[in-house]
Amino acid sequence: MAVLSLRQVHVFDPSSPQRRPVLEAEYGEYPLTALSLTAAGSTVVVGNTHGQIALLDLRKGLVRGCLKGLAGGVRGLQCHPSQPVVASCGLDRFLRIHSLEDRKLQHKVYLKSRLNCLLLSSGDLEDAAGAAASQEVKEEEEGEEDEVWQSMEQVEERPKRKTTDEEEEEEEKNSKKKKKKRKKGQD
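In this text the structure is predicted, and so the values were computed from the model without any measurement. (Residues numbered from 1 in each chain as written. Predicted model: local features only at pLDDT ≥ 70, side-chain atom pairs only at ≥ 80, totals over all residues. Heavy atoms only, no water.)

A.B. asks: Just to check I follow, could you spell out the sheet that holds strand 8 (residues 74–79) for this structure?
C.D. replies: Within a sheet, neighbouring strands are paired by backbone hydrogen bonds and run either parallel or antiparallel to one another. Taken together, the four strands give an open sheet; going across it, the order is 8-9-10-11, and neighbouring strands pair in antiparallel fashion. Two strands in the sheet have a free side with no partner beyond their single neighbour: strand 8 and strand 11 (105–110). Strand-to-strand, the axes of this sheet are offset by a mean angle of 15°, without reference to chain direction. Where strand 10 (residues 94–99) and strand 11 come together, five bridges link them in antiparallel fashion. Its bridge partner lying in strand 11, Arg96 is registered against Lys108. (Pairing = 2+ DSSP bridges. Helix = DSSP H or I, 4+ residues; strand = E, 2+ residues; numbered from the N terminus. Axes fitted to C-alpha atoms, helices over the stretch in contact; angles between N-to-C directions.)

A.B. asks: I keep staring at a positive patch on the surface and nothing clicks. Help me out?
C.D. replies: A contiguous patch of positive charge on the surface is contributed by Lys173, Lys176, Lys177, Lys178, Lys179, Lys180, Lys181, Arg182, Lys183 and Lys184. When you line up the elements, Arg182 lands in helix 3 (residues 164–186). Classification of Arg182 by relative accessible area gives exposed; the value is 56%. (Patch = residues over 30% accessible without salt bridge, like charges linked within 9 Å, V, L, I, M, F, W, Y side chains within 5 Å. Areas by Shrake-Rupley, 256 points an atom, 1.4 Å probe, with all protein chains shown as cover. Salt bridge = Lys/Arg side-chain N within 4 Å of Asp/Glu carboxyl O. Lys, Arg positive; Asp, Glu negative; His and termini not counted. Charge placed at Lys NZ, Arg CZ, Asp CG, Glu CD. Buried < 20%, exposed > 50% of the residue type's maximum accessible area, 1.4 Å probe, protein only.)

A.B. asks: Would you mind going over the pairing of strand 9 (residues 85–90) with me for this structure?
C.D. replies: Along any regular strand, the residues point their side chains to alternate faces of the sheet. Among the six residues that make up strand 9, six are buried, leaving the element largely enclosed by the rest of the structure. Taking every second residue as pointing to the same face, both faces of strand 9 are buried, with Val85, Ala87 and Cys89 on one and Val86, Ser88 and Gly90 on the other. With five bridges joining them, strand 8 and strand 9 adopt antiparallel strand pairing. Pairing of Val74 across the sheet is with Gly90, part of strand 9. Where strand 8 folds back onto strand 9 in an antiparallel hairpin, the turn is made up of five residues. Bridge analysis of strand 9 against strand 10 gives five bridges, and the strand direction is antiparallel. Opposite Val86, over in strand 10, you have His98 as the bridge partner.

A.B. asks: I'm lost on the side chain of Asn48 in this one. Help?
C.D. replies: In this fold, Asn48 is placed in strand 5 (residues 43–48). Polar contacts involving the side chain of Asn48 include one to the main-chain amide nitrogen of Gly51, which spans 3.3 Å. Not counting chain neighbours up to four residues away, the residues in contact with Asn48 comprise Tyr27, Tyr30, Pro31, Leu32, Thr33, Gly73 and Val74. (Polar contact = N/O pair within 3.5 Å; in protein donor to acceptor, adjacent residues only side chain to side chain. Contact = heavy atoms within 4.5 Å.)

Geometry only, nothing functional implied.
Here it is as structure tokens:
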């Protein structure tokens, strides 16, 4: 079990009778704000208040590498359960996805709202997108919407009736036009 302290990550062994940490790993000079355990379980990803993200080895307590690209404090980190990627969000309102293998930035998306935390699905990202698309196709094939539209009554629009005031105004306009034509014909 890994616990976050101001600048340190403490690793405890619950089976040990000691109440002291088995390992203490320190990173940077600023307080750590986020922590996420990788799928392998041997490393942990930590982020601090100055936008620095690092991979810490839990076996030796050493920094394995840093992830770059953040501007502002790290608010949330989440490692994908099956793929070697980590998602991060911070005060700069960007969601970033980094690769844990080569530590490069893969995706960066600006979000209008301020994020506090992240949650990644346990399934593959491509499988989830494909399943959603196939679900939409199935719904269209079933034609439930077509049945609803066909069962509805058709409503025909009637021509709008003119009120007496509108009829009088129209008659006045027509009479004025006729008078103008007569005057032009006399000249």
